[in-house]
Amino acid sequence: MSFLRWRRQGRRLGVSLLFVLMASGLWQYQERQYRDDYTWMGVPSWESLTPTSIHRVLRNNGYLAGWSDVRAGALWVSYQVEAVENTSIGSRPGFKADWRTLWPIGTGSYAGSGYDRGHLAPNYAIAAVHGRDAQVDTFLMSNMSPQRPNLNRQLWQRLEEAVMDHFAPRYERLQVVTGPIYPENFMDNAFNRLGFIEVPEAFYKIIVAPHPKTPRALAFIMPQNVRGNEPLDDYLVSIDEVEARTGLDFFPELSASQESALERQVHTQGWAVEQVANRPGRFQ
DNA sequence: TTTGATGT
């Protein structure tokens, strides 16, 4: 190989390398932007590298989802809401399969099962705050989790209504993380499936008012089997409790001292939970 | 109609 040719090839390689570096840098920058827009103090991560807590992040309009291929469901969704003036939203779009999950989960997969296609990232709040494209994305099957009707249509609906109508107006902005909870031992529930989808035993929702110095948080865990008219505050838990039951680490970028102040105990100051705890549902 | 879905 002549010296000239060798030099030309070297230059070509250099240009390609530079291109790859720039492209991956740009991708990482964009990914980072996305995550910062939809999360506070980092996306949830797994506390230990176990098959049931590993997930990959699906990016949607209005929310992020942490998809588990082992559970065939999202382990968390993350989104932000604020109070809105215009409370009307578009009509419910149809449910839609999500090819990114790789699992053949169709819109009919829940039919006749006794479980609702329960939204993790909610239709109303996402639509009202983030618009139509985001609303459409909440109807992806990757955002659904099997929920008993009494939970989905009543207790859970009341909680989501409280988030938008009661909690959001009290603060500038809220960060919400929500998802399923499974029994502690994988094999106890491994065959409790609806098609490919593992059926959770409960659901959590964490709500944070992300003040830089004194953030406040509420967390709830609600089981599948409820009547639906229970007081919401019966289900208050600490974030540590949610972490223990999910194996996830929420808000991983918090310092150790911030984390223990926010996550170890139930702090209800500032939320006036009692004012909404017994509000009736819309659909009973 | 404006916070959830199902099944006819």
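The name that an unreviewed UniProt entry assigns to chain A is DNA/RNA non-specific endonuclease, with the source organism given as Halomonas llamarensis.

(A) Spatial organisation of the overall build of chain A. If you tally the helices and strands in chain A, you get seven helices and 13 strands. In chain A, of all internal contacts separated by at least 6 residues, the share reaching a separation of at least 24 is 71%. Surface exposure of chain A reaches about 14600 Å², of which carbon and sulfur atoms provide 53%.

(B) Highlighting the sheet that holds strand 3 (residues 64-68). Pairing is antiparallel across the open sheet formed by seven strands, whose spatial order is 2-3-4-7-10-11-12. In this open sheet, the two edge strands, each paired with only one partner strand, are strand 2 (56-59) and strand 12 (236-237). Of the pairings in the sheet, the one linking strand 3 to strand 4 (residues 73-81) comprises five bridges and is antiparallel in character. Pairing of A65 across the sheet is with V77, part of strand 4. Along the sheet face, helix 6 (residues 239-246) touches strand 7 (174-181), strand 10 (202-209), strand 11 (216-223) and strand 12 and points at about 45 degrees away from the line of strand 11.

(C) Up close: the nonpolar core. Within the largest apolar cluster, 48 residues are counted, with the highest numbers of intra-cluster contacts made by F167, L174, F220 and M222. Every element with two or more residues in this core is listed here: strand 3, strand 4, helix 2 (123-130), helix 4 (149-167), strand 7, strand 10 and strand 11. Examining the composition of this core, we find that eight residues originate from one element, helix 4, more than from any other. Filtering out sequence-adjacent residues up to four positions away, M222 remains in contact with L151, L155, W156, L159, A202, F203, L232 and Y235. L75, Y204, A219 and I221 belong to the second-largest nonpolar core, a separate cluster that totals 24 residues.

(D) How the structure looks around the protein's contact with DNA strand B. Close contacts around DNA strand B come from 18 residues, with R92, R117, H119, Y124 and D165 the closest. Within 4 Å of the protein, the atoms of DNA strand B are drawn from sugar and phosphate moieties in a proportion of 58%. Within the side chain of R153, a nitrogen or oxygen atom sits 3.5 Å from a sugar or linking oxygen of DNA strand B. In the model, a phosphate oxygen of DNA strand B is placed 3.0 Å from a nitrogen or oxygen of the R282 side chain.

(E) View of unusual backbone geometry. Despite not being glycine, M41 has its phi angle at roughly 60 degrees, a positive value. As for its placement among the helices and strands, M41 is situated in the loop between helix 1 (3-38) and strand 1 (45-46). Of note, A272 is a non-glycine position whose phi angle comes to about 50 degrees, a positive value. Following the sequence through the fold, A272 ends up in the segment after helix 7 (256-263). We classify A272 as buried; its relative accessible area is 11%.

(F) Inspection of empty space enclosed by the protein at higher detail. Under the definition given, this model contains three cavities of 30 Å³ or more. Each pocket or cavity is described by its volume, and for the largest cavity that value is around 70 Å³. Taken together, Q157, R158, E161, A162, L232, V276, R279, P280 and G281 make up the full set of residues lining the largest cavity. When grouped by side-chain class, the residues that make up the lining of the largest cavity number four nonpolar, two polar and three charged. Here the second largest cavity is characterised by a volume of approximately 40 Å³. Taken together, A217, L218, A219, V237, S238, I239, L262, Q265, V266 and H267 make up the lining of the second largest cavity. Per element, the largest residue contribution to the lining of the second largest cavity is three residues, and it comes from strand 11.

Calculation notes
Residues numbered from 1 in each chain as written. Chains lettered and ligands numbered in written order. Predicted model: local features only at pLDDT ≥ 70, side-chain atom pairs only at ≥ 80, totals over all residues. Heavy atoms only, no water. Helix = DSSP H or I, 4+ residues; strand = E, 2+ residues; numbered from the N terminus. Contact = heavy atoms within 4.5 Å. Areas by Shrake-Rupley, 256 points an atom, 1.4 Å probe, with all protein chains shown as cover. Pairing = 2+ DSSP bridges. Axes fitted to C-alpha atoms, helices over the stretch in contact; angles between N-to-C directions. Core = buried A, V, L, I, M, F, W, Y, C linked by side-chain atoms within 4.5 Å. Buried < 20%, exposed > 50% of the residue type's maximum accessible area, 1.4 Å probe, protein only. Near = heavy atom within 4 Å. Polar contact = N/O pair within 3.5 Å; in protein donor to acceptor, adjacent residues only side chain to side chain. 1 Å grid on protein atoms, 1.4 Å probe; cavity = no way out; pocket = protein on both sides within 12 Å on 5 of 7 lines; lining within 4 Å. Points joined across faces, edges and corners; volume = space filled by probe spheres on them. Nonpolar A, V, L, I, M, F, W, Y, C, P; charged D, E, K, R; others polar.

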